[in-house]
Amino acid sequence: IDSVFIVDSEIDYREFAINGDSIGQVSFNQLNAQLAPLHNLQTGSAMRLTTHSKFMNQGKLQVMYSFSPQHNRNHTIHGALSDFDVTTINHMLVPALRTKVESGQMKKLSFQFEYNNYRSDGQVQLTYRNLRITSLKKPQDAKQAASWIKTAFINTFLIRDSSEDADASREGAILFYGDPRKSIFHYWWKSIFSGVAKAYHLDRAISNSKLSGQNNSEIKKDNR
């Protein structure tokens with residue numbers, strides 16, 4: 001097929017996260033896209049998808065994909081999200097991490113990475129302003145499996161927080177191992193989040209918690 005067009009459409013993605021207590025949700029609104037070409041020939045050219053949409057009905061999101069038909073070649077993604085109110089992603093953060101963004105403006109989130117059936121590698125760059133995050137308390141008799149990431153998430157953001165009048169920026173490396181039981185949206189989202197975690201020094205906490213299963217709630221601030 002020479003070309004496939006998607007015009008003025010929407011995608012609503014929902015996920016019940018591990019250790020979550022409700023369904024997280026994100027949406028892509030006013031989606032327009034073009035895929036060219038579309039085929040299943042291993043010797044054919046790469047299939048390129050260009051998309052433009054509003055993330056959560058406000059932030060401007062542009063993403064370009066290149067899908068290789070050859071099994072030994074990686075697929076590539078690069079894109080950017082700009083002018084986005086970070087409080088809008090509470091629909092995903094609160095159920096998954098019991099963490100809430102009180103305020104914050106994402107001036108620009110750029111990302112680029114390669115991936116195959118097993119692993120993704122790349123980079124994210126973030127520029128933001130006036131970011132404030134708080135942890136939501138859970139009942140004392142509830143499991144505290146996510147408390148380590150709440151503490152790390154809040155402390156690291158507050159160390160080098162930005163003000164209302166000045167932008168702050170960070171960058172981090174993407175590294176994520178895909179789960180074949182999950183959807184492709186899960187793979188893409190987790191890949192980008194792995195870079196955000198690296199930018200805010202959360203990658204070591206995430207790795208240690210997964211390997212040991214311990215509660216790392218007493219994570220110290222990095223004052224560098």
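Criteria and thresholds
- Residues numbered from 1 in each chain as written.
- Predicted model: local features only at pLDDT ≥ 70, side-chain atom pairs only at ≥ 80, totals over all residues.
- Heavy atoms only, no water.
- Phe/Tyr/Trp six-rings, centres within 6.5 Å; stacked < 30°, edge-to-face > 60°.
- Buried < 20%, exposed > 50% of the residue type's maximum accessible area, 1.4 Å probe, protein only.
- Helix = DSSP H or I, 4+ residues; strand = E, 2+ residues; numbered from the N terminus.
- Lys, Arg positive; Asp, Glu negative; His and termini not counted.
- Salt bridge = Lys/Arg side-chain N within 4 Å of Asp/Glu carboxyl O.
- Polar contact = N/O pair within 3.5 Å; in protein donor to acceptor, adjacent residues only side chain to side chain.
- Contact = heavy atoms within 4.5 Å.

This part takes up the packing of aromatic side chains. Scanning the entire structure with this criterion turns up 11 aromatic pairs. A ring pair is formed by tyrosine 65 and phenylalanine 67, whose centres lie 5.8 Å apart and whose planes are at 15 degrees; its orientation type is stacked. A single burial state applies to tyrosine 65 and to phenylalanine 67, both of which are buried. On the basis of an interplanar angle of 50 degrees and a centroid distance of 6.1 Å, the ring pair of phenylalanine 176 and tyrosine 187 is categorised as tilted. Pair noted here: phenylalanine 176 is in strand 8 (residues 168-177) and tyrosine 187 is in helix 3 (residues 184-199), with a separation of 11 residues, a long-range link. Note on accessibility: phenylalanine 176 and tyrosine 187 belong to one class, buried. Connected via pairs of aromatic rings, a cluster forms that spans Tyr13, Phe28, Phe55, Tyr65, Phe67, Phe84, Phe185 and Trp188.

Time to look at the side chain of glutamate 15. Locating glutamate 15 in the fold gives a position in strand 1 (residues 4-15). Within the buried core, glutamate 15 has no salt-bridge partner, and the shortest N-O distance to an opposite charge, that of lysine 190, equals 4.9 Å. Here the side chain of glutamate 15 touches tyrosine 13 through a polar contact of 2.6 Å, side chain to side chain. Setting aside residues no more than four positions away along its own chain, glutamate 15 makes contact with Ser22, Ile23, Gly24 and His186.

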